Structure formats: C-alpha cells, structure tokens
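# Structure at a glance
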Amino acid sequence: MYKLESKNVDFFYGTSQALKNINIAIHPNTVTALIGPSGCGKSTYLRLFNRMNDLIGNTKINGQVLIDGDDIYAKGVNVDSLRKKTGMVFQKPNPFPKTIFENVAYGLRVNGITDKKFIEERVETSIKQVVLWDEVKDKLKKSAFELSGGQQQRLCIARALAIQPSVILMDEPTSALDPISTAKIEELIYELKSKYTIVIVTHNMQQAGRVSDSTAFFYLGELIEYSATKELFTNPKIERTQNYITGRFG
Amino acid sequence: MKNFYKKFSERFIEGLLMISSTITSLTVVLIIFFLFKEGLGVFNKKPLEEGYAVVINRLNSVGKLNAEQIKNIYDQKINNWSELGGANDSIYLFRMEDISNYYTDEQIGENFEHLPDCLNSIVDSIKGVIAFFPEKYINKSFKGKQLEVDKVSLKEFFGGEEWFPTSQPVSQLGVKPLIYGTLWVSFGAILIALPLGLAAAIYLSEIAKGRVRRIMKPLIELLAGIPSVVYGFFGLVIIVPFIQQAFNLPVGETGLAGSIVLGIMALPTIITISEDAMRNTPRAMKEASLALGASKWQTIYKIVIPNSISGITAAAILGIGRAIGETMAVLMVTGNAAVIPTGILQPMRTIPATIAAELGEAPDGGLHYKALFALGCILFIITLLINLIVEFVSTNRKNTKH
C-alpha cells in the first residue's frame, strides 16, 4: 500500500490554479524530492499533506489526497489530529521563543500529554535522533535562539519527531544553511528514512540526487515527470525535465 | 557657479533643519525647567494666605507651629496649649466674626479705624487666645506675639491627607488624595481596557478575515481621534446615570465612571499596539505550532501571545500613560472630591483634573498656584517613568528577537 497518494488533485488560490491534475503515489520509508522552478506548485503540493494550505483563505481543492489510504480532505476529518501524523520542517529554522527543551516538548504538551517523565524521555530520544544531544544536553534550559542556524534546524526536526509522525514534510530545509550544516541534515534524512516517509522540496538538484529515492518535477502547476531519482537525473523521458536538471532554464 | 549655488542651498536647508530641531528640544527643556521652577517654589512658601497673620498672647511660650497643628486647633482636636509644648492653658479660638461679642460697632469705628486696638486688647487679655486676621491690623503698639508658621514641608505635601488649598487659616496641601484618585481611576481604566483591548487585538490579528479587519481597524483608530470632551460628555450623559442606577448610589459621578471613560479612551492605543506586535509573530512560527497538532487557540496563547508579550506590555503601559494624563473627560465624570478613596464607587479627583479646575482661581505666584505646578511636576515624573519603562521594555524586545 502507498503511504501518501494524490489522485487527480487540482488546487486553486482564488481563481488561479496552482496545481493541475497531480497524481503521485509514494511508498513508505522512501524519500521523495519535489523539484521545479519557483512558483511551480511544489510547496503547495507538499503542504496539502498536512492541510497547511487551509490557513490561507479562499482556496479550493478537487480530487483526493490520501495518507495510509484515508482521504484527509474528507468531511469530518479532525485537522489538528491529522497534523500529528505528519511532521513539518520549514525553509528557515523557526524555533519557538522558548527553551530548547520546551521547543521539543511543545508538540507533546499541546496534544495533552502531561506525564513529566514521559515528556523528558521523548525529548531526549528526539534530540538524539537528530544527533544534537551531545551539543545541547547541558543547556536544555537555555533559549533555542542561542543555537546556530544548523543546530536550530536540527532542533526543529527533533521537534517534529517528538510527536512520532509517520511522515516528514520538508520545505527546502537547508536553503538557509551553510554547506556543513546542510551535509548534516542530508545525512540525517538518510538515517530517518528507515522509520519515516519523507517528502522534501528542494531547489538544489544535487541535493535531490543525493538524498531521494524518487523525484517529481513540477512546472507551472503540472507534474511533468515522476520517477526513480536515478532515472530522472540520468535518463529523463521528457525534454523539459532534461532542460531543467541540466540548468538550461529555471 | 552652478555647483556653488547647489552647495549653498544644501547648506541652507541643513541649517534650517538644525535650527528647527534645536528649537524643539530647547522648548521641551524650557517647559520642564519652568514647571519645576514654579512647582518647587511651593516648598518656599508658608501655608498661610498672603498678608494674614496668626497671633497669640505674648506670655504664651509656643513660638512656632506647622500647618497641621494649626488646622487641628481650628478643628478643635487640640484644645490645650500643653499639647503643643506650651503652658497648661486651654486654647481660646478667636475668630474675626466674634468681634461683635466684645465691641460694639461704635467702638470699632465706622471705618474700622479702632479695630487694631480692639484686637490688640483681646489678644492681650486672654491668655490662651489664638487669632487669625490680616497683618494690616497689627499696629505699633501691638502686644501680642506673631506665631511663626513652618514652610510647606515635603512630608506635609506628600503625606498630608487633605487637599484644601483655600482653607483658612492654613492651606491644606496634602496631595495623597489626588495621587490615590489618579491611580485608582487609571488602574480601574486599565483593568477594563486591557482584557477588552487584548481580546480585540487577538481577534483582529489572528481570527478576523481580511474584510472584517479592513473595516474594524480604521473604526478603532477613529476612536483615538474623538476629542476627550466628547468622551466626557458621553460619560456624563450615559455612564454616570447608569452607574447611579446600577449601584443605587446618591451620585453617579464616581471613580468607576472615570475608569470606564478612560478605559474606552485607552482602547485604541492598546489595540493597535498589541495587534501590531501580534501580527509581527513570524508566520512560520505559527505554522510550526499548527503543524505539530496545536489548535488555533493553543497557538495563540502558547506562541503568539508569549512572542508578542513585550509589545503587549508596552501597549498596556502606554494605555496607563494615556489614562493618567487625561484631563477633561475625567474632570467631567469623576465627581472631583479630594478625599482619599476607599473604593471605586466614590467620587475621586485626579491630578490633571485638579490642575485644570483650580488654576483659573489660583492667584498668580501664590501658594495655591505653586502647589498646582508641583502637582504638574508629580504628573510629569509619573509619565516620564512610564515612558522610560516603555523604552526599556521595547529595547528589551529588540534584543530578544533574532
């Protein structure tokens, strides 16, 4: 069974159509990269899976978006609990103005968990998962803003992991980071793959090539090509994909 | 040549700009200087009406009294000179209107020409006497003793519990009732305005749809532009009668009425500033919270409010500042009784209202006049403190933002 799936999805901001008939199916425990020039709809597509686009008024969706076979846009779906199934990592590190510990514990607290010991354990495992524990274990009570950009981004990933989602959505997670921090995050993505299904939006072709199993190329709201990463980068079937990945446009 | 002309005109404009900013700063400094010069003058004055004297029998060993002691004598709370360090004689209060008990109109004379002699003999013949009359009635043969009265002291000014600057024989210049009145009314106002304003700010920044916001925001900002006398009028006609009926009071002009009117007046400040602060919460931060399964309301009170807390604090403090300095509306609705308030449902008198109401009837340069300026100084210091706190809070905020 597919972990994530979209069937004939159209998406509109007001009257302008941002996505046109997108069909993608994603296997569990894989990394899928979404690439394409700015404004092609890849971020919009990513944000369909945790219904983040709901926050923008005057939008409309046609078709089906499925997680584990369930249509998440069906009537009666509780959006708050749906979002617990997915963790999201944003373009810029965006820790809360709280301590390092509270940043990771936040997702647990808002979901009604009060058991102190449980929270402590979960925070520790989550931070260890992103290989940040040794760097922050002595300053968990300090503000998250004291960390470097790369550390903040790993903390944000830990924050997403703490609620134990099965899917991680990453929206250009390394675009604001230096090469060393980027390498660390990429390494992390590779390790997290064994437990999570990851979808990553990226502008960086090399990154898509390095981290992903399959790649989807979007252009002007349409899905141009979707196939295994190796194939898409070495032997694209469509000329426009070829032009894009070789840097001839976009 | 053209270049020279350009250079010259730029110099000229720069000079103009410099002059206008210098003039502005100088004006501010001059106003403060004038305020404090006049205000501090109150401590150089005796709390006696100018041209009047308090006299006692020459055998009386008491030589100096302060305003409170004299007041207690006249209120008959002190009845014996021994309480003031004198001999054991009961105090005999002589008032000018009592003179007809001692002398007939003929004895005093048609044009009061014998009055000084009459007073002289009264003061001389009664051992425990204390009298208060114009200095011009003291003639060369006067045998009584002029009582020395202490200058207005800091303790009297700030510790006194009565504000009655025109009372005789000594003015009562205790600012406590006015300071308390100001604080009661202002804090009452902030208690009303803060929850309401915060709720409105949250609604406008986080919940309202674009169109609602576009209509409501200018409406709220319009509130700030209404003249305060209109607010006062509204309070007098609507709120005062309402309070009178609701609490079954003899009069509706109470601190509460002032608090409500000031609360309404402080609302636009509180709403616009805290709303701006909330809207400055990065979108990504809110989205991160929602993406973790937090509800909209959880996101508001766990992320948006903590993140904008310094802006909200600044809004609250500026709101208080507006309430403390407001004059006209408060003057119209609070009842202006200069009594230390014990509850919000009593008439109160604030510092600005006192200045506005009394300056017109205070003789230029006199004690009352200087006392009002001293009140102005107190108000200035309070608002200065408030502004410093705002400054501190908002710089703090810049430092914690990344």
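The structure presented is a predicted model; accordingly, all values stated were derived computationally and were not measured.

What chain B contains, in helices and strands, is 15 helices and 8 strands. Over its C-alpha atoms chain B spans a radius of gyration of 30 Å, topping by over 25% the 21 Å that the globule rule assigns to 402 residues. Each principal axis of the C-alpha atoms in chain B carries an extent, and together these give about 95 × 75 × 40 Å. Considering only residue pairs separated by 6 or more positions, chain B has 71% of its internal contacts joining residues 24 or more positions apart.

What follows concerns the overall build of chain A. For chain A, the helix and strand inventory stands at 10 helices and 10 strands. Scaling as 2.2 N^0.38, a compact globule of 250 residues should have a C-alpha radius of gyration of about 18 Å, and chain A matches this with 18 Å. Overall, chain A is about 55 × 45 × 35 Å in size when its C-alpha atoms are taken along their principal axes. Residue burial in chain A is summarised as follows: out of 250 residues, 46% are buried. Considering only residue pairs separated by 6 or more positions, chain A has 68% of its internal contacts joining residues 24 or more positions apart.

On to the environment of Leu318(B). Residues and elements named next belong to chain B. Mapped onto the elements, Leu 318 comes out in helix 12 (residues 309-325). Classification of Leu 318 as partly exposed rests on a count of 19 C-beta atoms within 10 Å. Once residues within four sequence positions are removed from consideration, Leu 318 is found in contact with Thr 269, Ile 273 and Val 390.

We now examine the pairing of strand 6 (residues 86-89) of chain A. Residues and elements named next belong to chain A. Judged by which residues are buried, strand 6 turns out to be covered on both faces: Thr 86 and Met 88 on one side and Gly 87 and Val 89 on the other are all buried. Pairing of strand 6 with strand 7 (residues 167-171) involves 4 bridges; the strand directions are parallel. Note on strand 7: the bridge partner recorded for Thr 86 is Val 167.

Attention now moves to the domain arrangement of chain B. Along its sequence, chain B is organised into domain 1 (2-44), domain 2 (52-150) and domain 3 (176-400). Computed from C-alpha atoms alone, the centre-to-centre distance between domain 1 of chain B and domain 2 of chain B is 54 Å.

This next bit is on the interface of chain A and chain B. Taken together, the contact between chain A and chain B spans 21 residues of the former and 18 residues of the latter. Class assignment for the residues of the side of chain A that touches chain B results in 10 nonpolar, 6 polar and 5 charged.

The rules we used
Residues numbered from 1 in each chain as written. Chains lettered and ligands numbered in written order. Predicted model: local features only at pLDDT ≥ 70, side-chain atom pairs only at ≥ 80, totals over all residues. Helix = DSSP H or I, 4+ residues; strand = E, 2+ residues; numbered from the N terminus. Rg over C-alpha atoms; globule rule 2.2 N^0.38 Å. Contact = placed C-beta atoms within 7 Å. Buried ≥ 20, exposed ≤ 12 C-beta atoms within 10 Å, placed from the backbone. Pairing = 2+ DSSP bridges. Domains from an automatic or database assignment. Nonpolar A, V, L, I, M, F, W, Y, C, P; charged D, E, K, R; others polar.

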